[in-house]
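Okay, here's what each chain looks like letter by letter:
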Amino acid sequence: MKVIKPENPQGFCFGVKRALEIVEVASKKGDVQILGWLVHNPSVVEDLKSRGISTVESVSDATSDNLVITAHGAPKGILGILSDKKIIDATCPFVVKFQKQVERLGEQGYKVVILGDKNHPEIKSVSSYTKDPIIVSSAVEASLVACYDKIALVCQTTQNIETLKDVSTSLIEKTNQLLIENTICPSTRTRQKNASELAKKVSLMVVVGGKNSANTKRLVEISQKQNTKTIWIECSDDLDELLLKEISVYVSSSQIKSIGLISGASTPIDSVERVFEKLSNYG
Ligand code: SF4
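J.: Let's hear about the pairing of strand β9 (residues 175–180): which residues, and what values?
T.: In this structure, strand β8 (residues 148–155) lies alongside β9, joined through five bridges in parallel fashion. Within the sheet, the bridge partner assigned to lysine 150 lies in β9 and is glutamine 177. Taken together, β8, helix α7 (residues 161–171) and β9 form a β-α-β motif whose crossover is right-handed.

Take a look at the structure:
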């Protein structure tokens, strides 16, 4: 099967690469644990675990003296709670910038509205940088927001720009002053643009990434929005004979006989390559 990948970017994004490097360096100096999933990809978390670098779900579960804050950041107050630990901060610089933006906007008197998933660690982290922010996940939820004199709209670094536009439209009638700060990170913007362009050129898209990865989910949505059949897998093992046959039959019967292959920011490059090989060599 003919498989097309965007030239760049594939594999880990800048923030994930950086977080993994920080953990590697720290683990050579002694025992470390990670507060939450370092990367929303099961194979990466398993690989770390096999090398003695475990993940703890909460501060109270931490037994190591060295605790890593993931690329998604941590709630503001957590450093005080962890005063007996050595904190190794792997928060992505784009998330740090986002935290500071939210803090500044709150200080400037804006009601801060954050577009994102309230259960995602990044949103739990940034929302702690201002008092009582409102978190919405869609334009419908934004339409239920009360009226405020000044509203500032920001969004999760992995959000879709189209959703940000829809939410801003819902909010405009809620306030005298709507300030929008586009906090989607550069890596996400490029990946989403690639996904949208590639989905127009192929009959079927395969998206590789963890099922709990927010940025991978956005890529799936963007591809589907182009009315392109889209299959979301976590790794090459998900491509069993049945699924490969389904893909092959679908592509053969379509006008455009090629498959697009993209991946989330937390997907290792060798995992993408294995999927590429399996698809290319089928049949
Ligand atoms: Fe940083 Fe963007 Fe990667 Fe998140 S997706 S870790 S904000 S570079």
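J.: Give a detailed account of the packing of helix α8 (residues 186–199) against helix α9 (residues 214–225), specifying residues and quantitative values.
T.: At a minimum axis distance of 8 Å, the contact between α8 and α9 shows a crossing angle of 30°. Between α8 and α9, the crossing angle belongs to the class labelled roughly parallel. For the pair α8 and α9, the crossing hand works out as right-handed. Facing α8, whose interface residues are Arg191, Gln192, Ala195, Ser196 and Ala199, α9 presents Arg218, Leu219, Ile222 and Ser223.

J.: Go over empty space enclosed by the protein with me, naming the residues and quoting the values.
T.: Per the stated rule, a full pass over the model turns up one cavity of 30 Å³ or more. Its boundaries defined by the atoms lining it, the largest cavity holds a volume of some 30 Å³. Surrounding the largest cavity, Thr188, Arg191, Gln192, Asn215, Leu219 and Ala265 form its lining. Where the lining of the largest cavity is concerned, the elements lending two or more residues are α8 and α9. Per-element accounting of the lining of the largest cavity gives the leading share, three residues, to α8. Residue composition of the lining of the largest cavity, grouped by class: two nonpolar, three polar and one charged.

Thresholds, definitions, all that
- Residues numbered from 1 in each chain as written.
- Predicted model: local features only at pLDDT ≥ 70, side-chain atom pairs only at ≥ 80, totals over all residues.
- Heavy atoms only, no water.
- Pairing = 2+ DSSP bridges.
- Helix = DSSP H or I, 4+ residues; strand = E, 2+ residues; numbered from the N terminus.
- Right-handed = clockwise from strand over helix to strand, strands pointing away.
- Axes fitted to C-alpha atoms, helices over the stretch in contact; angles between N-to-C directions.
- Parallel < 35°, antiparallel > 145°, perpendicular 65-115°, else oblique.
- Left-handed = near helix turned anticlockwise from the far one by under 90°.
- Contact = heavy atoms within 4.5 Å.
- 1 Å grid on protein atoms, 1.4 Å probe; cavity = no way out; pocket = protein on both sides within 12 Å on 5 of 7 lines; lining within 4 Å.
- Points joined across faces, edges and corners; volume = space filled by probe spheres on them.
- Nonpolar A, V, L, I, M, F, W, Y, C, P; charged D, E, K, R; others polar.

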